[in-house]
Amino acid sequence: PELAAVVGAERFLAEIKTTANLQHPHILPLFDSGASDSFLFYVMPFVEGESLQDRLEREKQLPIDEAVRIATDVADALDAAHEQGVIHRDIKPANILLSRGRPLVADFGIALAVTTAGGGRLTETGLSMGTPYYMSPEQASADRDPSAASDVYSLGCVLYELLVGEPPFTGGSAQAVLAKILTGDLPTPTAARPSIPPNVDAAIRKALERLPADRFPSAKEFRRALADHGFRHGAVATSGPGTPSRTSMPVWRRAVPWALSAALAVTLVAQRLAAPPDRVRRADLVLPDSARLAFVGRTPLGVGLPALAVSPDGSQVAYAAQGPSSVQLYVRRLDELDVTALPGTEGAYAPFFSPDGEWVGFFSGAELKKVRITGGAPLTLAQLQLPYGGAWSSDDRILVSVREGDQLAWVPAGGGTPEPILGAEGVLPQFLGSDEWVITAGGGRPLWITSLETGERFGIDRQGLVPASRAADASELIYGSNPRYLASGHILYMSGDGVVFALPFDGAKREVRGTPEAVLDGVRQEGVWGAGQLAVAEDGTLIYARGENAGLTRIVWRDRSGVVDTLSAFPAAQYGALDLSPDGRRLIVRVLPVAGPAEVWHLDLVQGVRSVLSDLPQGGVQWWPDGRRLAFGVSDPPATVLVDAADPRVRDTIPGWPLLETAADGSLLIDALSGLAIRTADASEAPPRVLDTDFDGWGATVSAGGRWIGFTSNPTEEAGFEIYLLRAEPPYDRFHVSPGGGEEPVWSPNGDLVYREGQRWMAVTPPASPNDRPGPPRVLFEGSYQNVLGRSHDIGPDGRYLLLAEPSQGSTSQLVLVTNFFEEVKRLAPPK
């Protein structure tokens, strides 16, 4: 009652409405609020589970991975609230509820509502918002207007306690705790738990900085640091009597200008000859914002290629960057601060050095080119079909991968016609210590070594080499990308999730000498099967870009107002074509795993349960109108196969007509011997009604009621894809409805045809009567969502859009330099 009297019911209820606008999977929503018998109340959903405080009291400490995951989810929730101007002000374990292990932040906005409604009278009554153990210094010093940095501090305290077992500052009274928050030494969690990863330790220490300006600028940056294995903050001193647990951040990290960070890298390069041979050194290699590393070079199948290379002696790096008007090559000597543009290299991707370091080979469109590292006009060496990486041999020839990796060919370094190598296949080729043998991988392929003289090929597993004749039956072949043979006696490759492995391997004898071990993680990768952004010199200098896997996506709901709800119960993956069940509760989606063939996943969007459906085709699987079975068409013999979604072993076949598309009301589109026909789901009905015997489209979709067909076509084979409407009854009118082009048509519950025009989603309404024409298309929304082969979006019965959201990072100004990397590889992956 005292609080209600001070704050005032009407103002409190007005302020708390801000909480009702917060919609996020990790924020507990507000149902209702009001006043009764001098009490203020608010209503939130019941959560079947426990609070994080309950969990801590029972277990004291949490596993590191789980603690970081919980903090990451809470940071995501905080970031969403902060973007709407709402600060929680009381983040603590008791306000974080656990539902099936996933966190829900409760009481969001309550502190803000009380503080705003109460105004200055809160100070007069001695009321204080926040809990002492998790108060930020500005809260502890009675700052009445804390920013988002205050919530970041509190979350840092929570994560510290999850890992260590107690808050960072403790005391016998609230006053003692607040005094330590304001004046005590900043703790380091690894002093109490050495197994905490360095980046997590650094992220917590930055979150606990006393000055808000020294913390993360947002909860999003805190979340990124927890996922970035290369993140560091300040310097940690060895704890001991009279020794503080942490020193201040070095001046060069506080100053931020790229030249100072680059100067550190220059110093490291200058010192490496004098350093002990086993000394591994790391530094940030910061590029100017005017020439950031650009992630370019996607192949037609969407698999990415490298954008950087390092010279054999480790003295300079060449990389593709976004120049003033287009992407072009830049060069940076590691003992200098400036970068140099190489004119005439517009559109460059997948660069590689000549053995003497004087030239850089690269691809631009379908052309193989080379340019002197000191500048000059580039020389065109050959025209290639879908190039996919190259390597420069010691006898001045260039080995290239062409036709999407199906063929290796030689091109003279002086230019000439590509000469295919009989029996040699693969992508991203690199020589295996000599010019005779080559190692290839990527594009969903296992590691292969191939003789360029005899065409003899071997797959690689953890036991040894597998001849190509037996590779199809081998289940333990190693999959990866960016393979290269190191002078340390290892094959280096990426596993598909940003982790780099080293396999002990004798290149001369071609023998596996040990087991693959992880030696680096957090490397930017261009898709599950795409290339990683890293390069290794012959002297052991490594340069790489940190970041997320660009091919991994999240499945999200999006409404017309722009509110996005991430389906966080499911992992980020390389999702492909998808189909939503008629009731909108389940999803069938094609997934490309790190290794092996594609899979079909069945996702229960309500329960958050995933299952893998075996023995189904990789594409074309969709829901039957009953919402219980799945269906797909086969052509030999022509038929539609029905599969029970709960038990894929239970199947039925409807002969004669391969399925194309279903509608929720039972209307079916089927293949009328390469034409188009329509019928209903009842297999006992009369033969289908043929609509078009010379159908020239694809991706056809039938409206509820079966009156209209939407499809994609390219009738001239010159213009881009276009969307058409076909009336499914006489006179079978056909309308072009996408003046700006389009693809992936799908019907909305309101009867509109929705399609994708680049990164815009458009809607068109079919004619209401036979004499009418469709109305003009209108923009529904815009957004950066991934486009995959097949349907990459769908619409739920409630009108929300199901989409694939991908990371948005398109360039970076920061690389990581590692010297004497071979020593680390030998330590982490010793041979037998």
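The rules we used
Residues numbered from 1 in each chain as written. Predicted model: local features only at pLDDT ≥ 70, side-chain atom pairs only at ≥ 80, totals over all residues. Heavy atoms only, no water. Core = buried A, V, L, I, M, F, W, Y, C linked by side-chain atoms within 4.5 Å. Buried < 20%, exposed > 50% of the residue type's maximum accessible area, 1.4 Å probe, protein only. Contact = heavy atoms within 4.5 Å. Phe/Tyr/Trp six-rings, centres within 6.5 Å; stacked < 30°, edge-to-face > 60°. Helix = DSSP H or I, 4+ residues; strand = E, 2+ residues; numbered from the N terminus. Pairing = 2+ DSSP bridges.

Draft legend 1. Structural context of the nonpolar core. Among the nonpolar cores identified, the biggest contains 51 residues, and Leu159 and Phe222 are the most heavily contacted of them. Ignoring any residue separated from it by four or fewer positions in sequence, one finds Phe222 in contact with Val152, Leu155, Gly156, Leu159, Ala203, Ile204, Ala207 and Phe216. Core analysis: the second largest hydrophobic core is formed by 22 residues, Ala291, Val310, Ala321 and Ala535 among them.

Draft legend 2. Structural context of the packing of aromatic side chains. Under the counting rule described, the total for this entry stands at 19 aromatic pairs. Geometrically, the ring pair formed by Phe352 and Phe363 is tilted, given 6.1 Å between the ring centres and 45 degrees between the ring planes. A residue pair is termed long-range when its members are at least 10 positions apart, and Phe352 in strand β12 (residues 348–353) and Phe363 in strand β13 (residues 359–364) qualify at 11 residues. Judged by relative accessible area, Phe352 falls into the buried class, the value being 7%. Both rings, one in Trp761 and one in Phe781, keep their centres 5.1 Å apart while their planes meet at 10 degrees; by these two values the pair is stacked. Highlighted residues: Trp761 in strand β52 (residues 760–764) and Phe781 in strand β53 (residues 778–782), separated in sequence by 20 residues. Take Trp761 and Phe781: they sit in the same class, and that class is buried.

Draft legend 3. Representation of the pairing of strand β36 (residues 599–604). Of the pairings in the sheet, the one linking strand β35 (residues 586–592) to β36 comprises 6 bridges and is antiparallel in character. Each bridged residue has a counterpart across the sheet, and for Val591 the counterpart in β36 is Glu599. Connecting the antiparallel pair β36 and strand β37 (residues 609–613) is a turn made up of 4 residues, with Gly608 showing a positive phi of about 70 degrees.

Draft legend 4. Broad picture of the pairing of strand β27 (residues 500–506). Most of β27 sits inside the fold, with 6 of its 7 residues counted as buried. Here strand β26 (residues 490–494) runs beside β27; their pairing, made up of 5 bridges, is antiparallel. When the sheet's bridge partners are listed, Ile491 is paired in β27 with Leu503. Of the pairings in the sheet, the one linking β27 to strand β29 (residues 517–520) comprises 3 bridges and is antiparallel in character. Opposite Phe501, over in β29, you have Ala518 as the bridge partner.

This is a description of form; function is not addressed.
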